Amino acid sequence: MMLIGRWRQPCCNASFLCSLGNFVEHLPLPTSLSVRPTRIQGKSVYAVGIRSSSYFEALNSRQQDQIRLYVDTLHQWNQKMNLTAVTSVDEVMERHVEDSLALIPPINHSYSSNCSGSVDSLSVVDVGTGPGLPGLILAAACPGWKVTLMESMKKRCDFLEHAVDITGLSNVQVVRGRAENLGQDVSFREQFDVAVARAVAEMRILVEYCLPLVRVGGLFVAAKGHNPEEEVKSAERSMQLMGGSLLQLHPVKSHSPHGQRTAIICLKGRHTPKKYPHEPGTPAKSPV
Ligand SMILES: C[S@@+](CC[C@H](N)C(=O)[O-])C[C@H]1O[C@@H](n2cnc3c(N)ncnc32)[C@H](O)[C@@H]1O
């Protein structure tokens, strides 16, 4: 997109640039702005270029290298074991990496508006991370965050350990186990500022996996599809029982072919009663 405006000497209008900056900040995708003086039909004008890039392009070169290395490693291991249904490197970049990075703006926005503490140094748990999505990508993009990748399957944890090793990410720990058990373990229960989960379970069950891990005053962020309203409605009671409440359904736009996605944001307002989470296998059948 290109805007043309009149060029004022000695520099272009500061308040105009300021409002342009505010406008750009509210665009759903990372956006770069360029302003350059030029002449059109003998008149001095300034040309403002606005270009939206992918979330990946907005990262620095070290972060991009770490993510590329991770994606290559995932691609190699995926030939031997089933880590993801997405098979090509390009598709992993488009579907998984962009989808994961697209969660950062809603997390930052919701956390800084509703929670205490700095958004730059969050402790985050990714429940049912599988091959490290979105957690490992968040760790690469936000080096100030401490990210715990929680996964029940051994072969996936072996891959995660290798991926952490090869990318040199020092802000990640891999924890093998089921969220229902680890949610009763004092080392994990109510220890995290933010829990995230993507493609793990329906919302009613997911809140029981995730909210017990979140500290009072923290957030649970579930990455879901386009129209999650029904799913959220059926999880309302479960959310309350776990000490949480729905904060918002945050539309997430990304370059991913998934198109429009939704980050369901829950605020943990009270301690989770000791009886939750249930033993593995029981939540779906519970009265919750
Ligand atoms: C479909 S995969 C999704 C992986 C990843 N989050 C993604 O977005 O691609 C779901 C993963 O969650 C793990 N999982 C399911 N239930 C779990 C639980 N209760 N505790 C820990 N991990 C769980 C499974 O082993 C699996 O690796």
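One numbering rule holds for all chains: residues counted from 1, following each sequence as written. Residue-level local features of this predicted model are given only where pLDDT is at least 70; pairs of side-chain atoms are given and counted only at 80 or more, and the full residue set underlies all totals for whole chains, interfaces and linings. No hydrogens and no water enter the side-chain calculation; it runs on all heavy atoms of the structure.

Help me understand the confidence of the model for the protein chain in this model?
Predicted coordinates in areas of low pLDDT are best not read in detail. Mean pLDDT for the protein chain: 88, with 82% of residues reaching 70 or above. For every residue, the predictor assigns a confidence score, pLDDT, that lies between 0 and 100. Here a residue-residue contact requires only that any non-hydrogen atoms of the pair lie within 4.5 Å. pLDDT under 50 marks residues 7-12. Its contacts with residues more than four places away, or in other chains, come to nine contacts. Contacts from residues 283-287, a stretch scored under 50 in pLDDT, to residues over four places away or in other chains number eight contacts.

What am I meant to see in the site of the ligand here?
Proximity is defined per residue: if any heavy atom of the residue lies within 4 Å of a molecule or strand, that residue is considered near it. By nearness alone, 16 residues border the ligand, and Leu-133, Glu-151, Arg-156, Glu-180 and Arg-198 come closest of all. The definition of a polar contact used here is a pair of N or O atoms within 3.5 Å, where within protein one atom must be able to donate a hydrogen and the other to accept one, and adjacent residues in sequence count solely through side-chain atom pairs. The contact in question runs from a nitrogen atom of the ligand to an N or O atom on the side chain of Arg-178, over 3.1 Å. Considering the ligand on its own, with 600 Å² of exposed area, one finds that the protein chains cover 82% of that surface. Every accessible area reported is derived by Shrake-Rupley at a probe size of 1.4 Å, with residue values counting cover from the shown protein chains alone.

How should the packing of aromatic side chains be read in this particular structure?
The geometry of an aromatic ring pair is captured by the separation of the ring centres together with the interplanar angle, meaning the angle of the planes. In summary, the pairing rule links any two rings of Phe, Tyr or Trp, Trp by its six-membered ring, whose centres are within 6.5 Å, and it sorts them by plane angle into stacked for under 30 degrees, edge-to-face for over 60 and tilted for everything else. Summed over the entire model, instances satisfying the criterion amount to two aromatic pairs. Aromatic side chains Trp-77 and Phe-159 sit 5.4 Å apart centroid to centroid with 65° between the ring planes, which places their arrangement in the edge-to-face category. Placement of the pair is Trp-77 in helix α2 (residues 61-80) and Phe-159 in helix α6 (residues 154-167), with a sequence separation of 82 residues. Each member of the pair, Trp-77 as well as Phe-159, is classed as buried. Three or more aromatic residues joined by ring pairs make a cluster, and in this case those are Tyr-70, Trp-77 and Phe-159. Strands are runs of DSSP state E lasting at least 2 residues, helices are runs of H or I lasting at least 4, and numbering of each runs from the N terminus. Relative accessible area decides the class of each residue, using a 1.4 Å probe on protein chains only: under 20% of the type maximum gives buried, over 50% gives exposed, and in between gives partly exposed.

Quick question: what am I supposed to make of the sheet that holds strand β5 (residues 146-151) here?
Strands pair in a sheet through their backbones, by hydrogen bonds, and they do so in one of two ways: parallel or antiparallel. Strand pairing is defined by DSSP finding a minimum of two bridges between the two strands. The seven strands are arranged β6-β5-β4-β7-β8-β10-β9 in an open sheet whose pairing can be described as mixed. Bordering the open sheet on either side are β6 (172-176) and β9 (244-252), each of which pairs with just one other strand. The average angle at which neighbouring strand axes cross in this sheet is 20°, direction not considered. Looking at chain direction, β9 and strand β10 (residues 261-268) are connected through eight bridges and run antiparallel. Residue pairing across strands places Gln-248 opposite Ile-265, the latter belonging to β10. Here the axes come from fitting lines to C-alpha atoms, over the contacting stretch only for helices, and the angles between their N-to-C directions go from 0 to 180 degrees. Sheet strands in contact with helix α8 (residues 203-210) are β4 (123-127), β7 (192-198), β8 (214-224) and β10, and its direction is about 145° off that of β8.

Is there a simple way to think about the pattern of salt bridges in this case?
Pairing is possible between side chains of opposite charge, provided their charged atoms come close. Within this document, salt bridges are pairs made up of a side-chain nitrogen of Lys or Arg and a carboxyl oxygen of Asp or Glu, the two lying within 4 Å of each other. Per the counting criterion, the structure on display carries 10 salt bridges. Between Lys-154 and Asp-158 there is a salt bridge, and its shortest N-O distance comes to 2.8 Å. In this pair, Lys-154 and Asp-158 are both assigned in helix α6, four residues apart and thus about one turn of the helix distant. Exposure remark for Asp-158: the relative accessible area of 36% places this residue in the partly exposed category. Its salt-bridge partner being Lys-224, residue Glu-231 comes within 2.7 Å of it at the nearest N-O pair. Linked through salt bridges whose partners overlap, the residues forming this network are Asp-99, Arg-198 and Arg-261.

Just checking my understanding: could you explain the side chain of Arg-198 for this structure?
Counting through the fold element by element, Arg-198 comes out in strand β7. On the basis of relative accessibility, which here comes to 9%, the residue Arg-198 falls in the buried class. Within polar-contact distance, the side chain of Arg-198 engages the side chain of His-96 at 3.1 Å.

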